[in-house]
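Next come the chains, spelled out residue by residue.
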Amino acid sequence: MKTAVKVLAIVALFSVLAMSLVWIFWPAKPVPPFVPPLHDEGAVLGTPAPDKQYGYAQGPLNDYYDFFVATTPRLVNGEILLFLTNPEKNNALLRVKVYNGDELIAESGYLNPGEYLEAISAPGATPGTIRIKVMSYEPETWYSLGACSMSIPLALPLMIDPTESSSTSDTDESSSTPDSSESSSTPDSSESSSTSDPTEST
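Heads up: these notes are all about the structure in this document. Quick caveat, the model's predicted, so the values are computed rather than measured.

### Here we look at the environment of Ile130
Relative to the assigned elements, Ile130 resides in strand S9 (residues 128–137). The spatial distance from the C-alpha of Ile130 to the C-alpha of Ile152 is 5.6 Å, given a sequence separation of 22 residues. Look past the residues within four positions of Ile130 in its chain and what remains in contact with it is Pro73, Ile80, Val98, Tyr99, Met150, Ser151, Ile152 and Leu154.

Rendered as structure tokens:
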């Protein structure tokens, strides 16, 4: 009986050792290297001044960086007007990712301090709730300074699109044309009054 117990103990010990060796020497899943994002081609120097409908405001405060963004962004022609701003005082690079649920629908390149991104291309976006993730990096080292996620509503613009406003101005100009024709009709009336001169002669 004692011999059987010893055999079982030895077998159990070897089993534990074998499992430990497998765990130690089993090849780990390779982690893809970090590839720094490119500078966003749409980056603009300065600070935007969007319409009130965009709810442009400062993001949640933290110890490493500040940012401003539209809290009620608008969807126009497959682009999200987000107005993400990296203040000049920051010592951080910023970028943004946009999610519809768990699906990534848009992402930007990085913004230097003192730059903003008005719009980000998102062909598959639809009005509804989206989640934006603002990510920050230390310049040169690309060390992460943290990220901030916000769930915000995405809607169609409340005001007329700039492309439509140009068409309305065209209609304004066209509406001014009848005015000029009316003004030109005044001389016509004067001409008609001049035709009444023969009656005067009579």
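### Considerations on the pattern of salt bridges
Overall, the coordinates contain 2 salt bridges when judged by the stated rule. Note that Lys89 is salt-bridged to Asp66, the shortest N-O span being 3.1 Å. Here Lys89 is found in the loop between strand S5 (79–86) and strand S6 (93–100), whereas its partner Asp66 is found in the loop between strand S2 (56–58) and strand S3 (68–70), with 23 residues between them in sequence. The partner of Arg95 in a salt bridge is Glu107, and the shortest N-O contact between them spans 2.8 Å. In this pair, Arg95 sits in strand S6 while Glu107 sits in strand S7 (residues 103–107), placing the two residues 12 residues apart along the sequence.

### A short note on unusual backbone geometry
The phi dihedral of Phe83 falls on the positive side, at around 55°, and the residue is not glycine. With respect to the helices and strands, the residue Phe83 is situated in strand S5. Of note in this structure, Glu140 is not a glycine but carries a positive phi near 75°. Within the fold, Glu140 resides in the loop between S9 and strand S10 (144–154).

### Re the environment of Tyr110
Tracing the sequence through the fold places Tyr110 in the loop between S7 and strand S8 (115–121). Relative accessible area serves as the criterion here: at 18%, Tyr110 is assigned to the buried category. When the C-alpha atoms of Tyr110 and Leu93 are compared, they prove to be 6.1 Å apart, with 17 residues separating the residues in sequence. In this structure, Tyr110 is in contact with Pro37, Leu38, His39, Asp40, Leu93, Leu94, Arg95 and Trp142, ignoring residues within four places of it in sequence.

Criteria and thresholds
- Residues numbered from 1 in each chain as written.
- Predicted model: local features only at pLDDT ≥ 70, side-chain atom pairs only at ≥ 80, totals over all residues.
- Heavy atoms only, no water.
- Helix = DSSP H or I, 4+ residues; strand = E, 2+ residues; numbered from the N terminus.
- Contact = heavy atoms within 4.5 Å.
- Salt bridge = Lys/Arg side-chain N within 4 Å of Asp/Glu carboxyl O.
- Buried < 20%, exposed > 50% of the residue type's maximum accessible area, 1.4 Å probe, protein only.

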